[in-house]
Amino acid sequence: MSQILANVFPQENAIPDQFKIAEPIEQREYLINGELKIWNGNLNPVLSPVFLKEGNGYKQKVIGSTPLLTSKESLEALDAAVKAYDMGHGLWPTMSVIQRIDHVEKFLAAMRKKRGDIVKLLMWEIGKTLKDSEKEFDRTCDYITDTIKALKDLDRNSAKLVEEQGYMAQIRRVPLGVALCMGPFNYPLNETFTTLFPALIMGNTVVFKPAKYGVLLIKPLLEAFRDNFPAGVINIIYGKGRETVGALMESGKVDVFAFIGTNKGANDLKRLHPKPHRLKAILGLDAKNPAIVLPDADLDNAVAECFTGSLSFNGQRCTALKILLVHKDIIKPFLEKFKAEVKKIKPGMPWDSGVGLTPLPEAGKVDFLRDLVEDAKKHGAEVVNENGGEHLNSFFYPAVLYPVNDKMKVYYEEQFGPVIPIVTFDSDEEAIRYVVNSNFGQQVSIFGSNSKRVAHLMDAFVNQVGRINLNTQSQRGPDTFPFNGRKDSAEGTLSVADALRVFSIRTLVATKST
């Protein structure tokens, strides 16, 4: 191993005091029916991706533990949500819009007071940088605020009477029932709350299970959830998915399934529901977003956007650029510029200034990435950047692979980490075939300046992906834009306004105009 990772993990006494977690956080609380219950059973240790130097070795930091609940507790939570919904007659679903907004605004005020605690836990639990952790918290608060505004607009429009063909009607949006909300580890606050709060504010009751990684950071908010929502409206459970979530789906009492994760995980859970036609699913799943760099692209811009798009938060974003298709006429200068950008990236701890590469939280992730690299090398690719693929404990230095072909796993599989496969193409039809034949259909980025050529690609992709990005990286925002996908990448559409619609259904009262 080169020196680039040799000193990346610190000794405990080198961590700035404001970011230290002195003692592990033992969490035994969970929320059911408006009561913070105490779990006296087994706990699940929460391991940070941060390792600490101890003498000549390293030790992974244990930052706390969470309850390992069973199906018994998860079904208690479900029963509380079912009772609170009460077939649509409960206090929460029948409450006025302005009253529900008041509850959410009070929660938001309490949440803002926990910013420092949550930001620190984002860094320690998933290795997100200080800057990005702060951004995730603030963006989540903004999202809730925007959701409130969008609901007010929706409610005002619903108050109008519609007259059509001799009939007069009032059309309103009403809740769907009991929702199960599960978020991803890479945005355990933001992406979780972008489904949780639209579900709540539209009048649904919720069972919420935090992500596998990024679970402790919900602890500072448990009292705020308890104090600002009626009993049973929001229930928060912990534990292994097969012990808890499977039982919820098998009960048939879940009406709405909001899940951000893998398409395999979503399929397995949906199959457990006894009446799948009655289950409304809102899913954000896998993606293999390609960048297509045409020969007339602004090379500096294309490299900068592809670099950021593929390596922001270590490439652990569903919207990241997962494969780069570069025209053969510009592959040499593209590679040189791209490698130069990768060389500038700074590995370090999440709280380090200017850090661009941090430890990976998923157990076994480094081995998975290493296997992808070895498989690519076996089929003719090379790691073309200096130190590419070097690893230490939970750290994996970015590996730029070239030339990549369709015999390699990384050509098809989502790496969800700092491995960047680069493919060359000659004709535009080769790039089109890649997108058309892919199992995924979230986004694509096109870099070029010839409007006719770009328009041809746009026409080819408009029925393949949810979003086409021109001369810019793939991304989710702004949150007012629809966020969706096709094929195995998503089900349903999210945005501030769209989320209110997917967690509700239109109902109307109509009569003859006479």
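As the structure is a prediction and not an experimental result, all values here were calculated from the model.

What counts and what doesn't
- Residues numbered from 1 in each chain as written.
- Predicted model: local features only at pLDDT ≥ 70, side-chain atom pairs only at ≥ 80, totals over all residues.
- Heavy atoms only, no water.
- Pairing = 2+ DSSP bridges.
- Helix = DSSP H or I, 4+ residues; strand = E, 2+ residues; numbered from the N terminus.
- Contact = heavy atoms within 4.5 Å.
- Axes fitted to C-alpha atoms, helices over the stretch in contact; angles between N-to-C directions.
- Phe/Tyr/Trp six-rings, centres within 6.5 Å; stacked < 30°, edge-to-face > 60°.
- Buried < 20%, exposed > 50% of the residue type's maximum accessible area, 1.4 Å probe, protein only.
- Arc of directions from axis to C-beta.
- Polar contact = N/O pair within 3.5 Å; in protein donor to acceptor, adjacent residues only side chain to side chain.

Draft legend 1. View of the sheet that holds strand S4 (residues 43-54). The 3 strands lie next to each other as S1-S5-S4, forming an open sheet whose pairing is mixed. With partners counted over all chains shown, the strands left at the sheet margins are strand S1 (25-26) and S4, one partner each. Relative to strand S5 (residues 57-67), S4 runs antiparallel, the two sharing 9 bridges. The residue bridging Pro45 from the neighbouring strand is Ser65, located in S5. Contacting S1, S4 and S5, helix H5 (residues 115-126) runs over the sheet at an angle of about 80° to S4.

Draft legend 2. Fine view of the packing of aromatic side chains. All told, the structure shown has 21 aromatic pairs when counted by the stated rule. Residues Trp124 and Trp351 carry aromatic rings whose centres are separated by 4.9 Å and whose planes lie at 40° to one another, so their mutual orientation is tilted. You can see Trp124 sitting in helix H5 and its partner Trp351 sitting in the loop between helix H12 (331-344) and helix H13 (365-378), a full 227 residues away along the chain. Each member of the pair, Trp124 together with Trp351, is buried.

Draft legend 3. Local environment of the sheet that holds strand S19 (residues 419-425). In space, the 7 strands of this open sheet follow the order S15-S18-S19-S14-S13-S21-S22, with mixed pairing throughout. For this open sheet the edge positions go to strand S15 (382-383) and strand S22 (467-470), each flanked by a neighbour on one side alone. As paired strands, strand S13 (residues 289-293) and strand S14 (residues 321-327) are joined by 5 bridges and run parallel to one another. Among the inter-strand pairings, Ile292 is bridged to a residue of S14, identified as Leu325. Taken strand by strand, helix H11 (residues 299-311) contacts S13, S14, S19 and strand S21 (443-447), and its axis lies near 155° from that of S14. Strands in contact with helix H16 (residues 451-461) are S13, S14, S21 and S22; relative to S21, the strand with the most contacts, it is inclined by about 170°.

Draft legend 4. Inspection of H16 at higher detail. For H16, every residue scored as buried is listed here: Val454, Leu457 and Phe461. What you see down the axis of H16 is that its buried residues fit within an arc of 60°, all on one side. For H16, the exposed residues lying more than 90 degrees away from the buried face are Ser451, Lys452 and Asp459. For H16, the N-terminal cap is Asn450; the gap from its side-chain oxygen to the backbone nitrogen of Lys452 is 3.0 Å.

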